[in-house]
Amino acid sequence: MIGLTAAQWQAITTHLDSQLPNEACGLLGGKVGQTLAVYCVSNADASPTRFSMEPGELIRTLIEIEDRGWELMGIFHSHPAGPPTPSATDIAEAYYPDSAYIICSPGEGGWQARAFEIRDGAAREIDLRIEK
Ligand SMILES: [Zn+2]
């Protein structure tokens, strides 16, 4: 399970909107299923169909999460043309089996999100709770 507050979800969707039509990405820091910070990261690919996190921002964010004594709770990115499920590339490039992969795509009334654990080349959906 991974949880997001309404304010955190708002921060994520604002970032996703700002990067359209390209995919947008970022990281979630926190502890035991509780997200404590949302970090928006630039998509170095600047592409509507793929992303790679800008390496300097990625490293600075991972260091900050570690310095705070937190864990990398999640990795989010958007699929502007859907679907909100991991692509073959997402699965092949998933290097954090203990983090939730949150994938967002446009749906009725705004962004929709689903969360997955990606381990050993397989994705399994996990519970994502967004506070209303
Ligand atoms: Zn993807």
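Look up: the structure comes first, before these words.
None of the values given here were measured: they were computed from a predicted structure.

### Here's the deal with the pairing of strand β6 (residues 110–119)
Strand direction decides the pairing type here: strand β5 (residues 100–107) and β6, joined by eight bridges, are antiparallel. Paired with Tyr101 across the two strands is Phe116, which belongs to β6. Taking the residues that link successive antiparallel strands as the turn, the β5-β6 hairpin has two residues, and the phi of Gly109 there is positive, at about 75°. The sheet contact formed by β6 and strand β7 (residues 122–126) spans five bridges and is antiparallel. Considered in β7, the bridge of Phe116 is made with Glu125.

### A short note on the environment of Leu27
In this fold, Leu27 is placed in strand β2 (residues 25–31). Residue class for Leu27 comes out buried when judged on the 23 C-beta atoms lying within 10 Å of it. With 20 residues separating them along the chain, Leu27 and Ala7 place their C-alpha atoms 15 Å apart. Residues within four places of Leu27 in sequence aside, it is in contact with Tyr39, Val41, Thr61, Leu72 and Ile75.

Cut-offs applied
- Residues numbered from 1 in each chain as written.
- Predicted model: local features only at pLDDT ≥ 70, side-chain atom pairs only at ≥ 80, totals over all residues.
- Pairing = 2+ DSSP bridges.
- Helix = DSSP H or I, 4+ residues; strand = E, 2+ residues; numbered from the N terminus.
- Buried ≥ 20, exposed ≤ 12 C-beta atoms within 10 Å, placed from the backbone.
- Contact = placed C-beta atoms within 7 Å.

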